[in-house]
Amino acid sequence: MKSMTDVIEQMLMELLNEGDGIAEIQRNILANRLNCVPSQINYVIQTRFTPERGYSIESRRGGGGGVRIIRVSPDETNYLMHVINSVGNELDYQTARVFVQNLVDYECLSLREAKLILGALRDSAIPMQGGARNRLRAAIFKNMLLALQ
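Read on for an overview of the structure. Given the structure is predicted, the values throughout are model-derived calculations rather than measurements.

A look at the packing of aromatic side chains
At step 1: One pass over the structure, following the stated rule, counts 2 aromatic pairs.
At step 2: Arranged with centres 4.9 Å apart and planes meeting at 70°, the rings of F49 and Y55 form a pair that is edge-to-face. Comparing F49 with Y55, the two get one shared label, buried.
At step 3: Where F99 meets F141, the ring centres are 6.1 Å apart and the plane angle is 40°; that geometry is what we call tilted. Within this pair, whereas F99 is found in helix α5 (residues 93–105), its partner F141 is found in helix α7 (residues 130–148), the two being separated by 42 residues in sequence.
At step 4: We classify F99 as buried; its relative accessible area is 1%.

Describing the packing of α5 against α7
At step 1: At a minimum axis distance of 11 Å, the contact between α5 and α7 shows a crossing angle of 15°. The angle between the axes of α5 and α7 places the two elements in the roughly parallel class. Relative to α7, α5 is oriented so that their crossing is right-handed. Where α5 abuts α7, its residues Y93, A96, F99, V100 and L103 lie against R137, F141 and L145.
At step 2: Taken together, the residues of the contact of α5 with α7 break down into 7 nonpolar, no polar and 1 charged.

Procedures and definitions
Residues numbered from 1 in each chain as written. Predicted model: local features only at pLDDT ≥ 70, side-chain atom pairs only at ≥ 80, totals over all residues. Heavy atoms only, no water. Phe/Tyr/Trp six-rings, centres within 6.5 Å; stacked < 30°, edge-to-face > 60°. Buried < 20%, exposed > 50% of the residue type's maximum accessible area, 1.4 Å probe, protein only. Helix = DSSP H or I, 4+ residues; strand = E, 2+ residues; numbered from the N terminus. Axes fitted to C-alpha atoms, helices over the stretch in contact; angles between N-to-C directions. Parallel < 35°, antiparallel > 145°, perpendicular 65-115°, else oblique. Left-handed = near helix turned anticlockwise from the far one by under 90°. Contact = heavy atoms within 4.5 Å. Nonpolar A, V, L, I, M, F, W, Y, C, P; charged D, E, K, R; others polar.

Following this line, the structure appears as structure tokens:
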């Protein structure tokens, strides 16, 4: 039996496929349709439709909580810029791995390039702690991706 989060994700994926990569929903309407609470819809969107996984989210306040989910085009240049813009000022290693895996999946990086990038981003390669390490990791990652364009 599928969990509610899996059911919500599947429905959102179907809407994305039907809408050529764009799904516009209202959380309250979708929650009523699935017999769940709107916070479950929020949870799925926040955890499964993230920039690291190749999605952009636009929210509207009021009116039932409108949300637009956009699947970022796997075009190499567009996707590289999406990733660069999504990284922010800090980046932990696990999130970097997700970004890199998606870049490999979208054929924006070769396996060899991915291994080199991940090697440079490992905790053992950055001799700092905490926030300083994550800030340096973000800067290194962005610069490596910019060099690939």
